[in-house]
Amino acid sequence: MRIIFSRKGFDSAAGGGPSPIVDGRPVSLPIPSGGHSRMTYGDLGLGEHAEAASRGKLGAADACHHDPMFTGDGRCLFGQCGAAQTHLANQGVGVGDVFVFFGLFRAPDGDPHHRIFGYQRIGEIVDLTACEDVRKAELAALGHPHALGMHAKNDVIYIGEGRTATRASDALRLTVAEGPPSLWNRPSWLRRGGLSYHDRADRWLRGGRLRSVARGQEFVADIGRRHAPREWLDGVLAEIKA
């Protein structure tokens with residue numbers, strides 16, 4: 001089994017600033033659309049938040065890349081392509097593995113920090129380059145941007161159980177209390193050699209801390225049959241569903 005720490009939403013490069021925490025709930029702002037979108041920030045009720053986080057560069061009328069897409073009935077659709085999808089495939093990510101979505105957030109009176117805001121347990125992987133037109137049309141009807149138009153030669157959509165957090169609890173915060181955002185409190189089961197893109201020794205610090213890479217989307221931990229990572233994951237999912 002694999003746990004994938006998947007970075008999503010606004011940050012200083014994509015969007016211009018952290019996603020907000022609104023009334024105690026993390027609200028992940030989709031990145032601006034590069035094309036193939038039917039959704040604007042206004043359609044999602046995020047116009048004011050996008051304008052504030054981007055310092056006026058984006059607003060309700062701007063198209064967004066609505067992905068991952070949480071359908072409201074306990075499902076999540078998440079598209080990936082290019083180098084990030086190649087990495088997931090090379091790491092053997094498949095049905096039964098779990099994406100743990102995290103991003104950069106800030107409360108009105110708080111500091112920018114990384115936190116987990118949602119998850120998806122993979123139930124199906126749709127290869128958009130090879131699936132039937134009927135299947136692609138079904139996904140396009142939902143408005144998923146990767147089904148509306150090919151983003152790369154290896155476009156896929158992961159489908160499965162998924163939800164977003166209802167509260168911004170300390171249990172879902174990755175960043176240490178004093179920051180910076182990239183300095184994490186790592187789970188005790190996560191050690192050097194166990195997370196893709198994080199092989200350098202200087203990233204694994206004393207005191208159970210990890211200096212996460214500045215860029216990149218998908219960080220894969222192959223947990224095999226170990227109990228401790230599963231226990232940690234169960235706790236994270238329970239906190240998201242609370």
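Every value quoted in this text rests on a predicted model; they were computed, and no experiment measured them.

*Asks:* I keep staring at the overall build of the protein chain and nothing clicks. Help me out?
*Replies:* From N to C terminus, the protein chain includes five helices and 12 strands. Computed over its C-alpha atoms, the radius of gyration of the protein chain comes to 17 Å, within 12% of the 18 Å expected for a compact globule of 242 residues. Projected onto its principal axes, the C-alpha positions of the protein chain cover 50 × 40 × 30 Å. For the protein chain, buried positions account for 48% of its 242 residues. Of the contacts formed within the protein chain by residues at least 6 apart in sequence, a portion of 68% connects residues at least 24 apart. Accessible surface for the protein chain amounts to roughly 11300 Å². Of this, 49% is attributable to carbon and sulfur atoms. Computing the positive centroid from 30 side-chain charges and the negative centroid from 27, the protein chain places the two 7 Å apart.

*Asks:* What is the right way to read the sheet that holds strand β9 (residues 183-185) from this model?
*Replies:* For sheets, the rule is that strands pair by backbone hydrogen bonds, running either parallel or antiparallel. Pairing is antiparallel across the open sheet formed by three strands, whose spatial order is β9-β11-β10. In this open sheet, the two strands that pair with only one neighbour each are β9 and β10 (204-205).

*Asks:* What's the story with the packing of aromatic side chains in this structure? I'm lost.
*Replies:* All told, the structure shown has 15 aromatic pairs when counted by the stated rule. Relative to W184, the ring of F5 has its centre 6.2 Å away and its plane inclined at 40 degrees; by these criteria the two rings are tilted. Placement of the pair is F5 in strand β1 (residues 2-7) and W184 in strand β9, with a sequence separation of 179 residues. Of the two residues, F5 and W184, both sit in the buried class. Chaining the aromatic ring pairs together yields one cluster made of F5, F102, W184, W189, Y197, F219 and W232.

*Asks:* I would appreciate a short explanation of the nonpolar core in the present structure.
*Replies:* The tendency in soluble globular proteins is for nonpolar side chains to be buried side by side. In this structure, F5, I116, L195 and I240 are the most contacted members of the largest nonpolar core, which totals 24 residues. With residues near it in sequence (within four places) discarded, I116 still touches V100, F101, F102, L172, L174, W232, V236 and I240. I21, F99, F101 and F105 belong to the second-largest nonpolar core, a separate cluster that totals 15 residues.

*Asks:* Please clarify how the side chain of D11 should be interpreted in this entry.
*Replies:* Tracing the backbone shows D11 in the loop between β1 and β2 (19-22). Here A13 takes part through its backbone nitrogen, which lies 2.9 Å from a polar atom of the side chain of D11. What D11 contacts, discounting residues up to four positions off in sequence, is G16, G17, L104 and R215.

*Asks:* It is not clear to me how the pattern of salt bridges should be interpreted in this structure. Could you clarify?
*Replies:* Per the counting criterion, the structure on display carries 12 salt bridges. Between D111 and R173 there is a salt bridge, with its nearest N and O atoms 3.0 Å apart. Within this pair, whereas D111 is found in the loop between β6 (98-106) and β7 (113-127), its partner R173 is found in the loop between β8 (156-164) and β9, the two being separated by 62 residues in sequence. Assessed through its relative accessible area of 27%, D111 is described here as partly exposed. A single network of salt bridges, built from pairs that share partners, joins R2, D97 and D222.

Rules and cut-offs
Residues numbered from 1 in each chain as written. Predicted model: local features only at pLDDT ≥ 70, side-chain atom pairs only at ≥ 80, totals over all residues. Heavy atoms only, no water. Helix = DSSP H or I, 4+ residues; strand = E, 2+ residues; numbered from the N terminus. Rg over C-alpha atoms; globule rule 2.2 N^0.38 Å. Buried < 20%, exposed > 50% of the residue type's maximum accessible area, 1.4 Å probe, protein only. Contact = heavy atoms within 4.5 Å. Areas by Shrake-Rupley, 256 points an atom, 1.4 Å probe, with all protein chains shown as cover. Lys, Arg positive; Asp, Glu negative; His and termini not counted. Charge placed at Lys NZ, Arg CZ, Asp CG, Glu CD. Pairing = 2+ DSSP bridges. Phe/Tyr/Trp six-rings, centres within 6.5 Å; stacked < 30°, edge-to-face > 60°. Core = buried A, V, L, I, M, F, W, Y, C linked by side-chain atoms within 4.5 Å. Polar contact = N/O pair within 3.5 Å; in protein donor to acceptor, adjacent residues only side chain to side chain. Salt bridge = Lys/Arg side-chain N within 4 Å of Asp/Glu carboxyl O.

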